[in-house]
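Below, each chain spelled out in residue letters.
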Amino acid sequence: MNNGILLVDKHQGVSSNYIVQFIKKKFSLDKIGHFGTLDPQATGLLVLGLNKATKLSKFFLNYDKCYLAEICLGAQTDTDDLEGQIIFSSNEIPSQDNIIKVINSFIGTQHQTPPVFSALKHKGKKLYELARMGTPVTKEPREINIYDIEIMEQSFPKCSFKISCSKGTYIRSLARDIGTGLGIGCHLSKLQRLSQGDFRISDAKDINNVEMSDLIHIKDAFKGYEKLMLSPEDTKKFVNGVGIQCNKGTKLLRVFSENKFIGLGSIKKDGCIKQEFLV
């Protein structure tokens, strides 16, 4: 069975679910899932888990991400991107210095309100479904961290920048908030995901070109984590979910038995390593 990670370079105009179903059919897979959706108009890195690797989503969803974004100043839309209807506009042209100042003011830890058109759920329904029904729901602001913003090009009304951020960050919401900060409205016009954790867009393939030879083994997907070799006795405990005393300093470990990768374990408060994933 093919268990591992595939990196796909998603093109514009298709949903993340379309990519998932295409790859599932192409390789006749039993299970497949993505580790972080991209909007249909967004492009770039989509990380897919195949078969047993689908259980790894809780790790990948926590990874930091990097995007290349383009925003359009002077108009706010109800979806916070170019797909929506304009709900506010302004003819005012702020200075370049002020644009840069406002954009850079978002670097750091903050609370961000997700878009009302998003895949987040409220009482079992996705927010974008409720918004399309005319009953939009605004979620509580969530803590995010924007580590860095590098402005790449600025020619009013467009501005493009590279942004590194934590999980849960909506670039559409950032575009909206930049517009609010400038007082002229703003929406996201382009978005490309460049990286997620240690995975890069340069290693991704178009869905028509990706092959099983591109599959990343689970142990290699976590190669940045420390390795733990277990004795036969401790292997039995680990496989059965029993905690094992461990003196390693990292929270997540790649676990091996007789030089064979058997899973992932995390160190709990009691100093014991417990099974998080089993091959």
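Residues numbered from 1 in each chain as written. Predicted model: local features only at pLDDT ≥ 70, side-chain atom pairs only at ≥ 80, totals over all residues. Heavy atoms only, no water.

With respect to the packing of aromatic side chains
Part 1: Enumeration according to the criterion identifies eight aromatic pairs in this entry.
Part 2: Ring centres of Phe 222 and Tyr 225 lie 5.8 Å apart, and the angle between their planes is 45 degrees; on these two criteria the pair is classed as tilted.
Part 3: Tyr 225 sits in the partly exposed class, given a relative accessible area of 29%.
Part 4: Through pairs of rings, three or more aromatic residues link up here, namely Phe 35, Phe 59, Phe 60, Tyr 63, Phe 199, Phe 222 and Tyr 225. (Phe/Tyr/Trp six-rings, centres within 6.5 Å; stacked < 30°, edge-to-face > 60°. Buried < 20%, exposed > 50% of the residue type's maximum accessible area, 1.4 Å probe, protein only.)

Some points on the pattern of salt bridges
Part 1: With the rule as written, the count across this model stands at eight salt bridges.
Part 2: The partner of Arg 176 in a salt bridge is Asp 80, and the shortest N-O contact between them spans 3.7 Å. One end of the pair, Arg 176, is in helix α5 (residues 171–182); the other, Asp 80, is in the loop between β5 (75–77) and β6 (86–89), with 96 residues separating them in the sequence.
Part 3: The residue Arg 176 makes a salt bridge to Asp 177 at a minimum N-O spacing of 3.0 Å.
Part 4: Take Arg 176: its relative accessible area is 13%, and that puts it in the buried class.
Part 5: Using a relative accessible area of 21% as the deciding quantity, one classes Asp 177 as partly exposed.
Part 6: Three or more residues are tied together by salt bridges with common partners; here these are Lys 58, Lys 268 and Glu 276. (Salt bridge = Lys/Arg side-chain N within 4 Å of Asp/Glu carboxyl O. Helix = DSSP H or I, 4+ residues; strand = E, 2+ residues; numbered from the N terminus.)

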